4 protein chains.
Amino acid sequence: MAGSTFGNIFRVTTWGESHGPALGAVIDGCPAGLPLSEEDIQKYLNRRKPGTSALTTSRSESDTVEILSGVYEGVTTGCPISLVIRNTSQHSKDYGNLKTTYRPGHADLCFEEKYGIRDHRGGGRSSGRETAARVAAGAIAAKALESLGIKIHAVTSSIGNVTVPAKLLEGLNNDLLQTAYSLHSVMPDKALDEAATELITKCREAKDSVGGSIYCTVTGMPIGIGEPVFDKLDATLSHAIFSIGAVKAVEIGDGIQVSEMNGSENNDKMRSTPGGEVAFETNHAGGILGGMSDSAPIKIKAYFKPTPSIYRSQETILKKENGSFENTELTIEGRHDPVIVPRAVVVVECMTAITVFDALLQNMGSKMEYLKKIY
Amino acid sequence: MAGSTFGNIFRVTTWGESHGPALGAVIDGCPAGLPLSEEDIQKYLNRRKPGTSALTTSRSESDTVEILSGVYEGVTTGCPISLVIRNTSQHSKDYGNLKTTYRPGHADLCFEEKYGIRDHRGGGRSSGRETAARVAAGAIAAKALESLGIKIHAVTSSIGNVTVPAKLLEGLNNDLLQTAYSLHSVMPDKALDEAATELITKCREAKDSVGGSIYCTVTGMPIGIGEPVFDKLDATLSHAIFSIGAVKAVEIGDGIQVSEMNGSENNDKMRSTPGGEVAFETNHAGGILGGMSDSAPIKIKAYFKPTPSIYRSQETILKKENGSFENTELTIEGRHDPVIVPRAVVVVECMTAITVFDALLQNMGSKMEYLKKIY
Amino acid sequence: MAGSTFGNIFRVTTWGESHGPALGAVIDGCPAGLPLSEEDIQKYLNRRKPGTSALTTSRSESDTVEILSGVYEGVTTGCPISLVIRNTSQHSKDYGNLKTTYRPGHADLCFEEKYGIRDHRGGGRSSGRETAARVAAGAIAAKALESLGIKIHAVTSSIGNVTVPAKLLEGLNNDLLQTAYSLHSVMPDKALDEAATELITKCREAKDSVGGSIYCTVTGMPIGIGEPVFDKLDATLSHAIFSIGAVKAVEIGDGIQVSEMNGSENNDKMRSTPGGEVAFETNHAGGILGGMSDSAPIKIKAYFKPTPSIYRSQETILKKENGSFENTELTIEGRHDPVIVPRAVVVVECMTAITVFDALLQNMGSKMEYLKKIY
Amino acid sequence: MAGSTFGNIFRVTTWGESHGPALGAVIDGCPAGLPLSEEDIQKYLNRRKPGTSALTTSRSESDTVEILSGVYEGVTTGCPISLVIRNTSQHSKDYGNLKTTYRPGHADLCFEEKYGIRDHRGGGRSSGRETAARVAAGAIAAKALESLGIKIHAVTSSIGNVTVPAKLLEGLNNDLLQTAYSLHSVMPDKALDEAATELITKCREAKDSVGGSIYCTVTGMPIGIGEPVFDKLDATLSHAIFSIGAVKAVEIGDGIQVSEMNGSENNDKMRSTPGGEVAFETNHAGGILGGMSDSAPIKIKAYFKPTPSIYRSQETILKKENGSFENTELTIEGRHDPVIVPRAVVVVECMTAITVFDALLQNMGSKMEYLKKIY
């Protein structure tokens, strides 16, 4: 159980290294009867593709996905779906100096000590490229959710100190999303995008990098999705989001702020609509109560550290043949984004989709009434 | 898979409702040969016990644990350990008015919609009492970890706007821990404890509640614990912590702050010690790189919302016999803490212990070299 | 993952040793809305109770079950159901001589080597008493299945060379079942019961024991239950049945016989009924094709070894203080059935119920059409 | 959880359909440091390859495996190993008539009812071709086991009524294995192979098929491998073996015979060797006691039904557009083995290897003593 599988019913297993021949995902437990084509997946992959702007790495992968199983005549069959993405732009020789030297802020040292061996080229299994497989799998979950009226959207909420105001995030609509998707920073505002671009350009010039954050929302959730104890929906979402490299904090709803609030202020008032349905006057909880969806939009925020690969020379250590460590200096080559966030937006969206769809499937056995509808 | 089990190898299953006859845990996968007595567990349970101060609920449970299996002549046998804690102080009639009315900020509505039935007394399965079972299980993990040189400690880091300075948290030593454990707020400083007590007292008088945060640290970790993709150590820790009711944010290391930092600042410099070992000059990462422990202390911060049960009258909804909702007003009775945090400190510690011990067990199969040492 | 949990959605965890204070089960994932009382469970437990005849051990346990959680006002709530059965008739001193001596045909040696410690009293965790917890859990699955029109019944099919003819087993109806349940051997025929009783009596007099077999059938299955690759319904059923101590063979349908048959003979012919439904002319397959139920009755046969605890003196080994082994002679005391089979009938039935109900729950996510019926 | 993954620590996920572009496996949890090449895997795949004799289907697949991840410079890295085998010899048009007609003895009807859609070409996911992926994964487990001194070997034990005598199976040595591997029937005896060949030839001429059985043995096991309750080693082995299509019975040790034996006869006597080690005088138990290995060779027997695809015309049903069934007649085309057994020998071996290696990995956390050796 080396943890390359995520989900309980809709189970996603990813495989592949940055500089191996390919990477991919196997999705087991996708219900039959979902129309699915390579284009459905490709459009998500295109959103995380490198090389689309000056803000991102110059590694230019086509990231073309191939469906090898589980789809017949354009529809899922209930059998495992195998997706493969060939690596085509590996520059392995860029990494020659990393064989025994450990990059600061990276998993190199931990890999070496855990396994006694590592594929040091481009981060190997810990490379951001692994997320391409997650995006491919998440595109399927997102499509299934959409057919049930559930939508997931994410945008960049900050880069360095350039921050999208909370109001703008809460009012996220189709127009703002289109704006965000058309801008390099994936922020839903042109002026902010310009400020962020300027910041990133400065970072690049200073051979440095910068962090940021991503806001993600889920709308259209039925009430009661998520399991009330260990597999609370916020707990599994946070597991999913923290499993993306470089995430250092996750907030649900008002997050950290609630720790300074009073109960009378933080409790979201429930009111009956004229039609006798539930409505919430506020949404501090971010759509989750007791680990289950409460029908209000789910609100997640993920905070990313700055890219650890920077181009200035850094002091670090290397491993000598006798197994002990020695100080050294390192200048990282290869191709790296000065900020991870814009390309990670679709990864957050996809990990959220996988988690939510899995929770919906798990909930199918919550009451005998549901079984009697089927059998 | 209703999510009442946590862990992959060291598996903890909890059961029980607030006002049922008992609650408990079954731990499967605890290695044989660990000395274990009821006292080992009881001392952890005593730390979360209600009724020990004016700051907490007046519900007074003895919370006495009984070991029903898995321990023979004071030592674990490798068989599942069943722990039972009898409920002795239920006042179920306090909850009569909650049968059809949903408390704001609680799981009531979600439970009703998910299952079509709920034990409404005292929060039922979603009650904070469920955490007693986690603490009992976590005490076992903590004892096993200690025998391997790994220590876990948590304290209150804030209550409302009364905040323990970061410096004090980073310098947490035995003396400060003893101070914290002797104070109602579980803060490692007398003056802060007084300020927090004053704040809580005001909340109680105002029939209100307040949130706060908890800081937890793990020392003595070997390098490389945690799985590099979906089951990163930070991801499973965050899953564990978010599964505690009322948690709304989790940070690892410098958390949210890193999103505004530069890479050159955030990368923790590795240096070789005179003996050829690894040392880190800083610990922004909080002891985890690429989802694996890096030998530096692990630093976790969990943020809690204010107790949703407050004694002032609140507007909310009830469910009518025809299934539609209607507005109503509610005054909650029962016994409730105006702040959850001080009693949750040991819960955070125990969920961390369970997660870390499970990760150590999972790591046993990481390399053939380990198998050859055993077989 | 020490394997004390069975099932993927309907998850049964058992705990407890033969001579500890109690044993029990926690069932997580039982759907809400199933009427359930202690009597529902007790009537299954009574069927495996020892001490009801000269054929069985004289250990006389009341085997009274207590429901500690997950049921509210007589209905399951969707929360974990905790069941406890107190041990009341332990004669631990009978086992004093087994502390260092290993009984032939028992798990003693393996336990000692695996864990380095064992509760040697009455087989500890490996005792047949552990199956009481399975029966308690299985009673719940059986009740849920019955509400969906699925029925499971088992009888003794042989004891030693006294064998129930295949015809009688295939024609099992309510009358025959009532006959079986009223007889010590649990065979559906008085004359065969007498022959079996005579055989067992002879065994007991000879301080020996004998094996036998159990036939189990499931009727009312929808088509398509079971997962087509690793979790084929026959594979999980066989896992379930082989997990009962003393089982040495499992057959589905015609079992071993098919290995000598031709395809033209073994293929069950499908025919359309006048109403356009499927019917099978024969049932060599035992109701399962490609790992999925085909609507015909499922037929399982489990073969049990003779009770390894026999009262005649046996040559065996003991472990010396230095860890090496030495020959010795052993006379087993305690109370033991000369044949396990009659009491195991209800255990086979219950493990089958758990497996089948879990498969039905897993199948809830097989097609998008089902999700659209619920959400 | 559609059941395409097997194992708890060493986890094998297979994917792919008979007539899709490829099939494969992802192995997560393989320890790092195992030398591994494509040749290691290919030699196992070659043993199940079709088209090597008159006894098998004329479908001629090269079955060339490609390693896409998890191996670096000839050694496993601890990361998931992705294996792909391209399909090159599909004759999909052979299957045109199966779109709405259900083959007797096949999963067709069950697939259709479960998923509402199926890839009908060549059995789709239920095709025997799926086992190529298992063999590829099992080759890795077998190599790891061999490096720990554990060996697994299987041969054909019967085809129709041509049966290898028990004596010959128990005395299986390298010479007999070489004989078996050189013969079409994979029986360890030339005369028996000739008799079997004659029988199969007659079957083919009669447009019919025949069943058979496979014997598998594991030597070199340490004591105590397997988990004592639900995940007994015999239970997981039987799960593994029954998950191979066409298996209808599994025996461990003396299997069905023990149901007619007495305890005094069936109990295997333990004796101390001159060196103070354990030895068994007999091995009726087949190397497993109480679900754990006892150091004696493990003995498994699997019984297979005759190939359901036969070339004579068969009466069956088809599904009409309105969803109801109608009688029809069917002549199956495509390429099919008249007996499955010889090609399944290596599949049984490989499923056994996966199960045993997973059990060894699970056992790594059985006692604190082991953890202290590593940490």
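Throughout this document, residue positions are counted from 1 along each chain, in the order its sequence is written. Working convention: letters from A go to chains and numbers from 1 go to ligands, in the order in which they are written. Reporting in this predicted model follows two pLDDT cut-offs: at least 70 for local features of residues, and 80 or more for side-chain atom pairs to be given and counted; totals over whole chains, interfaces and linings ignore these cut-offs and use all residues. Excluding hydrogens and water, the side-chain values take into account all heavy atoms of the structure.

Undergrad: It is not clear to me how the overall build of chain A should be interpreted in this structure. Could you clarify?
TA: In this text, helices come from DSSP runs of H or I with a minimum length of four residues, and strands from runs of E with a minimum of two, each type numbered from the N-terminal end. Helix and strand counts for chain A stand at 10 helices and 19 strands. Each radius of gyration is computed over the set of C-alpha atoms, and the globule rule expresses the reference value as 2.2 Å times the number of residues to the power 0.38. For a compact globule of 375 residues, the expected C-alpha radius of gyration is about 21 Å, and chain A comes in at 22 Å, within 12% of that figure. Across its three principal axes, chain A shows a C-alpha extent of roughly 70 × 45 × 40 Å. A burial count over chain A gives 69% of its 375 residues as buried. When the accessible surface of chain A is summed, it comes to about 11400 Å², and 48% of that surface belongs to carbon and sulfur atoms. Each residue's exposure class comes from its accessible area (1.4 Å probe, protein chains only) as a fraction of the maximum for that residue type: buried when under 20%, exposed when over 50%, partly exposed otherwise. Residue burial considers only the protein chains on display, and all accessible areas are found by Shrake-Rupley using a 1.4 Å probe.

Undergrad: In this structure, what is going on with the sheet that holds strand E19 (residues 325–330) of chain B? I would like to understand it.
TA: Where strands meet in a sheet, backbone hydrogen bonds hold them as pairs that are either parallel or antiparallel. Residues and elements named next belong to chain B. For two strands to be treated as a pair, DSSP must find at least two bridges joining them. Spatially, the three strands line up as an open sheet ordered E8-E18-E19, and their pairing is antiparallel. One side of each edge strand has no neighbouring strand; the edge strands of this open sheet are strand E8 (101–102) and E19. Sheet analysis places strand E18 (residues 314–319) next to E19, joined by six bridges and oriented antiparallel. Each residue of the ladder has a partner; that of Thr316, found in E19, is Thr328.

Undergrad: Explanation requested: the pairing of strand E3 (residues 22–28) of chain D in the structure shown.
TA: Along any regular strand the residues' side chains alternate between the sheet's two faces. Residues and elements named next belong to chain D. Burial analysis of E3 places seven of its seven residues in the buried class, the great majority of the element. Burial along E3 is two-sided: the residues Ala22, Gly24, Val26 and Asp28 and Leu23, Ala25 and Ile27 are all buried. Two strands pair when backbone bridges link them, and strand E2 (residues 11–16) and E3 are joined in this way by six bridges, in the antiparallel orientation. Its bridge partner being in E3, Thr14 is matched across the sheet by Ala25. Linking E2 to E3, which pair antiparallel, is a turn of five residues. Both E3 and strand E7 (residues 81–86) contribute to a ladder of six bridges, which runs antiparallel. Its bridge partner lying in E7, Leu23 is registered against Ile85.

Undergrad: Looking at this structure, I do not really get the relation of the copies chain A and chain B. What am I missing?
TA: Taken together, a rotation about one axis and a shift along it account for how the two chain copies relate. Each copy of the sequence occupies a distinct position, and chain A is placed on chain B by a rotation of 180° and an axial shift of 0.0 Å, giving an RMSD of 0.0 Å. Here the transformation between the copies is reduced to the relation of a two-fold axis. Within chain A, the C-alpha atom positioned nearest to the axis of rotation is that of A:His239, 2.5 Å from it. Here, two residues are considered to be in contact whenever any of their heavy atoms come within 4.5 Å of each other. By residue overlap, the copies meet face to face through one surface: 100% of the interface positions of chain A are interface positions in chain B. The copies were overlaid by least squares, fitting only the C-alpha atoms of residues that reach a pLDDT of 70 or more in each copy.

Undergrad: Got a minute to help me understand the interface of chain A and chain B in this structure?
TA: It is common to give the size of an interface as the accessible area that goes away when the parts come together. Each partner contributes to the interface: chain A provides 107 residues, whereas chain B provides 107 residues. Simply put, the buried area is the total loss of 1.4 Å probe accessible area from both parts when two parts are fitted together. Between chain A and chain B, the buried area comes to about 8500 Å², and carbon and sulfur atoms account for 59% of it. With a closest N to O distance of 3.6 Å, B:Glu315 and A:Arg271 form a salt bridge. Think of a polar contact as two N or O atoms within 3.5 Å of one another; within protein, one of them needs to be a possible hydrogen donor and the other a possible acceptor, and neighboring residues in sequence only count if both atoms come from side chains. Viewed at the interface, chain B and chain A are joined by 53 residue pairs in polar contact (both at pLDDT 80 or more). Just to be clear on terms, a salt bridge is a Lys or Arg side-chain nitrogen sitting within 4 Å of an Asp or Glu carboxyl oxygen.

Undergrad: I would appreciate a short explanation of the environment of A:Thr77 in the present structure.
TA: Along the polypeptide, A:Thr77 turns up in the loop between strand E6 (75–76) and strand E7 (81–86). Along the backbone, A:Thr77 and A:Asp234 are 157 residues apart, and their C-alpha atoms lie at a distance of 31 Å. In this view, A:Thr77 contacts A:Ala32, A:Gly70, A:Val71, A:Tyr72, D:Tyr115 and D:Ile117; residues no more than four positions away in its chain are not counted. Of the polar contacts made by the side chain of A:Thr77, one reaches the backbone nitrogen of A:Cys79; its length is 3.3 Å.

Undergrad: I'm lost on the sheet that holds strand E18 (residues 314–319) of chain A in this one. Help?
TA: Read from one edge to the other, the open sheet built from three strands follows the order E8-E18-E19 (chain A), with strand pairing classed as antiparallel. Each edge of the open sheet carries a strand with a single partner, namely strand E8 (101–102) and strand E19 (325–330) of chain A.

Undergrad: Mind showing me how you'd approach the interface of chain C and chain D here?
TA: Tallying the contact residues gives 107 residues for chain C and 107 residues for chain D. Buried surface at the junction of chain C and chain D, summed over both partners, amounts to about 8500 Å²; 59% is from carbon and sulfur atoms. Of all residues in chain C, C:Lys114, C:Phe230 and C:Lys248 bury the most surface against chain D, accounting for 11% of the area lost on that side. Counting across the chain C and chain D interface gives six salt bridges. For C:Glu227, the salt bridge identified is with D:Lys114, shortest N-O distance 3.2 Å. Remark: the boundary between chain C and chain D carries 53 residue pairs in polar contact (both at pLDDT 80 or more). Gly counts as polar in this scheme, as do all residues outside two lists: the nonpolar Ala, Val, Leu, Ile, Met, Phe, Trp, Tyr, Cys and Pro, and the charged Asp, Glu, Lys and Arg. For the side of chain C that touches chain D, the per-class residue count stands at 43 nonpolar, 40 polar and 24 charged.

Undergrad: Just checking my understanding: could you explain the pattern of salt bridges for this structure?
TA: Pairs can form between side chains of opposite charge whenever their charged atoms are close. Across all of its chains, the model carries 84 salt bridges over all chains by this definition. Among the salt bridges present, the one from D:Arg86 reaches A:Glu66, with a minimum N-O distance of 3.7 Å. With D:Arg86 in strand E7 and A:Glu66 in strand E4 (residues 65–67), the pair connects residues from two separate chains. Here D:Arg86 falls in the partly exposed class, since its relative accessible area comes to 32%. Judged by relative accessible area, A:Glu66 falls into the partly exposed class, the value being 30%. Three or more residues joined by partner-sharing salt bridges are found here, namely A:Arg103, A:Asp108, A:Glu112 and A:Arg118.

Undergrad: I keep staring at the relation of the copies chain C and chain D and nothing clicks. Help me out?
TA: Taken as rigid bodies, chain C and chain D are interconverted by a rotation of 180° and an axial shift of 0.0 Å, the fit giving an RMSD of 0.0 Å. A share of 100% of the interface residues of chain C reappears at the interface of chain D, consistent with the copies meeting face to face through the same patch.

Undergrad: Just checking my understanding: could you explain the layout of surface pockets for this structure?
TA: All names here are of chain B. Size it by volume and the largest pocket reaches roughly 730 Å³. In this structure, the second largest pocket spans a volume of roughly 520 Å³. Here a cavity denotes grid points, spaced 1 Å and computed from the protein atoms alone, that fit a 1.4 Å probe unable to get out, and a pocket denotes an open set having protein on both sides within 12 Å along at least 5 of 7 lines; residues with an atom within 4 Å of a point are the lining. Surrounding the second largest pocket, 21 residues form its lining, Tyr44, Glu146, Lys151, Ile152 and His153 being those nearest its centre. Contributing elements (two or more residues each) for the lining of the second largest pocket: helix H1 (38–48), helix H3 (130–147), strand E9 (151–159), helix H5 (174–182) and strand E11 (212–219). Class assignment for the residues of the lining of the second largest pocket results in eight nonpolar, six polar and seven charged. Grid points are joined across faces, edges and corners, and a volume is the space filled by probe spheres set on the points.

Undergrad: What am I meant to see in the side chain of D:Asp28 here?
TA: As for its position among the elements, D:Asp28 is in strand E3. In this tally, Asp and Glu contribute negative charge and Lys and Arg positive charge; neither His nor the terminal groups of the chain are included. We note that D:Asp28 is buried and unpaired, the nearest opposite charge coming from D:Arg11 at a distance of 5.8 Å. Polar side-chain contacts of D:Asp28 include one of 2.8 Å to the backbone nitrogen of A:Ser4.

Undergrad: Help me out: how do you make sense of the packing of helix H1 (residues 38–48) of chain A against helix H9 (residues 341–362) of chain A in this one?
TA: Pairs of packed helices are described in terms of their axes, by the angle between the two and the distance that separates them. Residue and element names in this part refer to chain A. To get an axis, a line is fitted to the C-alpha atoms, and for a helix only the part in contact is used. The angle between two axes follows their N-to-C directions and goes from 0 to 180 degrees. The interhelical angle for the contact between H1 and H9, taken along N-to-C directions, is 140°, at an axis separation of 6 Å. Taken together, the axes of H1 and H9 lie oblique to each other. Facing H1, whose interface residues are Tyr44, Arg47 and Arg48, H9 presents Arg343, Val345, Val346, Val347, Glu349 and Cys350. Within the contact of H1 with H9, the residues separate by chemical class into five nonpolar, no polar and four charged. Put simply, angles under 35 degrees are roughly parallel, angles over 145 are roughly antiparallel, angles from 65 to 115 are roughly perpendicular, and the rest are oblique.

Undergrad: What is the right way to look at unusual backbone geometry in this model?
TA: The phi angle of most residues is negative, glycine excepted, and most peptide bonds adopt the trans form. Residues and elements named next belong to chain D. Of note in this structure, Val186 is not a glycine but carries a positive phi near 60°. Note on placement: Val186 falls in the loop between helix H5 (174–182) and helix H6 (190–205). Taking relative accessible area as the criterion, Val186 reaches 11% and is therefore assigned buried. Phi at Ser295 is positive, roughly 95°, even though this residue is not glycine. Positionally, Ser295 belongs in the loop between strand E15 (292–293) and strand E16 (298–304).

Undergrad: What am I meant to see in the packing of helix H7 (residues 233–242) of chain C against helix H7 (residues 233–242) of chain D here?
TA: Running from N to C, H7(C) and H7(D) cross one another at 165°; their axes reach a closest spacing of 8 Å. As summarised for this structure, H7(C) and H7(D) are arranged roughly antiparallel, according to the angle between their axes. Between H7(C) and H7(D) the crossing geometry is right-handed. Along the contact surface, H7(C) presents C:Asp234, C:Ala235, C:Thr236, C:Ser238, C:His239 and C:Phe242, while H7(D) presents D:Asp234, D:Ala235, D:Thr236, D:Ser238, D:His239 and D:Phe242. Class assignment of the residues belonging to the contact of H7(C) with H7(D) gives a composition of four nonpolar, six polar and two charged. Crossing handedness follows the turn of the near helix against the far one: under a right angle anticlockwise gives a left-handed crossing, and clockwise gives a right-handed one.

Undergrad: Help me out: how do you make sense of H1(B) in this one?
TA: Three or four residues apart is the spacing at which side chains of an α-helix point the same way, because the helix has 3.6 residues per turn. By the burial criterion, the buried members of H1(B) are B:Asp40, B:Ile41, B:Gln42, B:Tyr44, B:Leu45 and B:Arg48. Looking at the buried side of H1(B), the elements it contacts are strand E4 (65–67), strand E7 (81–86), H3 and helix H9 (341–362) of chain B.

Undergrad: Please clarify how the packing of aromatic side chains should be interpreted in this entry.
TA: In this description, a pair of aromatic rings is defined by centroid distance and the angle of the planes. Between rings of Phe, Tyr and Trp, where Trp is taken as its six-membered ring, a pair exists when centres lie within 6.5 Å; planes separated by under 30 degrees are stacked, by over 60 edge-to-face, and by other angles tilted. Scanning the model with the defined rule gives 16 aromatic pairs over all chains in all. Ring geometry for C:Phe230 against D:Phe6: centres 5.6 Å apart, planes inclined by 40°, an arrangement best described as tilted. Of this pair, C:Phe230 sits in the loop between strand E11 (212–219) and H7 while D:Phe6 is found in strand E1 (residues 5–6), placing the two residues in two different chains. A relative accessible area of 0% places C:Phe230 in the buried class. Seen from their ring centres, D:Phe10 and D:Phe357 are 5.2 Å apart, and the 70° between their planes marks the pair as edge-to-face. With a gap of 347 residues between them, D:Phe10 in the loop between E1 and E2 and D:Phe357 in helix H9 (residues 341–362) connect regions that are remote in the sequence. Here, over-ring charges are defined by two tests on the NZ atom of lysine or the CZ atom of arginine: distance to the ring centre within 6 Å, and angle to the ring normal within 35 degrees. Sitting above the plane of the D:Tyr181 ring, D:Arg47 keeps its charged end 4.3 Å from the centroid.

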